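Each chain, letter by letter, is given below.
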Amino acid sequence: MRVHKICREELLLTIRFLSLSGSLNCGANNVSFNVISVSSGTTLTLSSGPTTFIGNITSSGTINHNNGLVSFQGSSNIPDSLSLNNVEVTPGSTVNIPTSGTFFVSGNLIVNGTLNCSQTAVHFNGNTQIGGSSVITFEDVFIDSGATLTASAANSNVFGNWYNNNGTFSHSNGTVTFNHPFSFTQNITSVSGVAGFYNLVVAQNVTLQGNTNLTVDGNLDLNLNVLNLGGNTLTLN
């Protein structure tokens, strides 16, 4: 289907399957997609309001988030390098990000289902509050320059590395656990020269290497593992 359309009217648009080879601008409408494929050279501009995905998204073209909310309400595989604003994973839903892929979030991330990103680099590049009832397991976490990441008050797992590229991290009195499933060295890097956490846990057979000064405001649990800060400073408050 070749589409070149701007949805200007207020409407609820439900699309079961769309193979997009033109362009589609969803305006501010409430749009629901089951399965969508965006071809090379084409552009899908999501709604500035809510957009619902129930099935898979494939894309070799361009998807613009339009500062809207994307709600995943089924089982969805999403493409590499997808950039979204506000993201919601509803209870019972699953979102799979490609292995060794990248996912960009510029708004809030609310997960009450399953977000499979344990083999994925997640870049936070706006003002993000993590919320919801589910524990999220990341591979690599990037807080991009100028971004603000406010953590969940619950637990977040990190299988890979933590990079703060001159952004702001607010720990919300939550717990960050570095727990790669195999013997592995995980890194904490902060351009500002200091990384701050509330509860910090080093699990499994992990060596946690701090390439920056480290501040822990709550509990530090090493589980008989190694914390290597080199010549950097550990501050326990």
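Numbering of residues starts from 1 in each chain and follows the order in which that chain's sequence is written. Where totals are concerned, whole chains, interfaces and linings use all residues; where local detail is concerned, this predicted model gives features only for residues with pLDDT of at least 70, and gives and counts side-chain atom pairs only at 80 or more. The side-chain figures draw on all heavy atoms in the structure; neither hydrogens nor water molecules are used.

A few words now on the overall build of the chain. Every helix listed is a DSSP run of H or I at least four residues long, and every strand listed is a run of E at least two residues long, numbered separately from the N terminus. The number of helices and strands found in the chain is zero helices and 31 strands. For the chain, the C-alpha radius of gyration of 19 Å lies close to 18 Å, the compact-globule estimate for 237 residues. Exposure classes here rest on a 1.4 Å probe applied to the protein chains alone. A residue is buried below 20% of its type maximum, exposed above 50%, and partly exposed in between. Considering the chain as a whole, with its 237 residues, one finds that 49% of them fall into the buried category. Contacts in the chain between residues far apart in sequence, at least 24 positions, make up 11% of those at least 6 positions apart. Here, Shrake-Rupley sampling with a 1.4 Å probe gives the accessible areas, and only protein chains in the shown set may cover a residue. Accessible surface computed for the chain: about 10500 Å², of which carbon and sulfur atoms make up 46%. When we talk radius of gyration, it's over C-alpha atoms, and the globule rule is simply 2.2 Å times the number of residues to the 0.38. In this description, contact between two residues means that some pair of their heavy atoms is separated by no more than 4.5 Å.

A pair of strands is treated as paired once DSSP finds two or more bridges between them. Here three bridges tie strand β18 (residues 136–143) to strand β20 (residues 155–158), and the two strands are oriented parallel to one another. Note on β20: the bridge partner recorded for Ile 136 is Ser 156.

Our next topic: the environment of Gly 68. Inspection of the secondary structure assignment puts Gly 68 in the loop between β8 (62–64) and β9 (69–72). For Gly 68, a relative accessible area of 4% corresponds to the buried category. Each C-alpha atom, one on Gly 68 and one on Gln 119, is 26 Å from the other, the two residues being 51 residues apart in sequence. With residues near it in sequence (within four places) discarded, Gly 68 still touches Ser 47, Ser 48, Gly 49, Asn 85 and Asn 86.

Here we come to the confidence of the model for the chain. Confidence scores per residue from the predictor, reported as pLDDT, run from 0 to 100. Mean pLDDT over the chain works out to 90, with 91% of the residues at or above the 70 mark. Of the regions scoring below 50 in pLDDT, residues 1–13 engages in 32 contacts with residues more than four places distant in sequence or in other chains.

Phi is positive for Ser 81, which is not a glycine, with a value near 65 degrees. Residue placement: Ser 81 occurs in the loop between β10 (75–77) and β11 (82–84). Notably, Asn 166 is not glycine yet its phi reads approximately 70 degrees, a positive angle. Inspection of the secondary structure puts Asn 166 in the loop between β21 (162–164) and β22 (168–170). Taking relative accessible area as the criterion, Asn 166 reaches 46% and is therefore assigned partly exposed.

Attention now moves to the side chain of Thr 137. Structurally, the position occupied by Thr 137 is in strand β18. A relative accessible area of 19% means that Thr 137 is categorised as buried. Only 3.2 Å separates the side chain of Thr 137 from the side chain of Asn 157, close enough to count as a polar contact. A 3.5 Å cut-off defines polar contacts: any pair of N or O atoms within that distance qualifies, except that in protein one atom must be a possible hydrogen donor and the other a possible acceptor, and neighbouring residues in sequence count only when both atoms are side-chain atoms.

The subject of this paragraph is the nonpolar core. Among the nonpolar cores identified, the biggest contains 51 residues, and Leu 44, Phe 72, Phe 103, Phe 124, Trp 162 and Phe 197 are the most heavily contacted of them. Setting aside chain neighbours within four positions, we find Phe 72 in contact with Phe 53, Ile 57, Ile 78, Leu 84, Val 87, Glu 88, Val 89, Thr 90, Ser 93 and Val 95. Nonpolar core, defined: a set of buried Ala, Val, Leu, Ile, Met, Phe, Trp, Tyr and Cys residues in which side-chain atoms within 4.5 Å join the residues together.

Reading across the sheet, the three strands line up as β25-β28-β31 and stay open at both edges, with parallel pairing between neighbours. Edge positions in the sheet fall to β25 (194–197) and β31 (234–236), since each has one partner strand and no second. Adjacent strand axes in the sheet meet at a mean angle of 15 degrees when their direction is disregarded. The axes are straight lines fitted to the C-alpha atoms, using for helices just the contacting stretch, and the angles between their N-to-C directions are given from 0 to 180°.

To continue, consider the pairing of strand β14 (residues 101–105). Burial within β14 is extensive, with four of its five residues counted as buried. Where β11 meets β14, three bridges bridge the pair, whose relative direction is parallel. Residue pairing in the sheet places Leu 82 in a bridge with Phe 103 of β14.

Along the chain, Asn 157 falls in strand β20. In this structure Asn 157 comes out as buried when scored by relative accessible area, which is 12%. A polar contact of 2.9 Å, which involves the side chain of Asn 157, links it to the side chain of Asn 155. Every residue in contact with Asn 157, bar those within four places of it in the chain, is listed here: Val 135, Ile 136, Thr 137, Phe 138, Thr 177 and Asn 179.

A separate point is the packing of aromatic side chains. Within 6.5 Å between ring centres, the rings of Phe, Tyr and Trp (the latter by its six-membered ring) count as paired, and their orientation is classed by plane angle as stacked under 30 degrees, edge-to-face over 60, tilted in between. All chains considered together, the criterion is met by eight aromatic pairs. Where Phe 178 meets Phe 197, the ring centres are 6.3 Å apart and the plane angle is 85 degrees; that geometry is what we call edge-to-face. In this pair, Phe 178 is assigned in strand β23 (residues 175–178) and Phe 197 in strand β25, connecting sequence segments 19 residues apart. The same class applies to Phe 178 and to Phe 197, which are both buried. Every member of this aromatic cluster is reached through a ring pair, and the members are Trp 162, Phe 169, Phe 178 and Phe 197.

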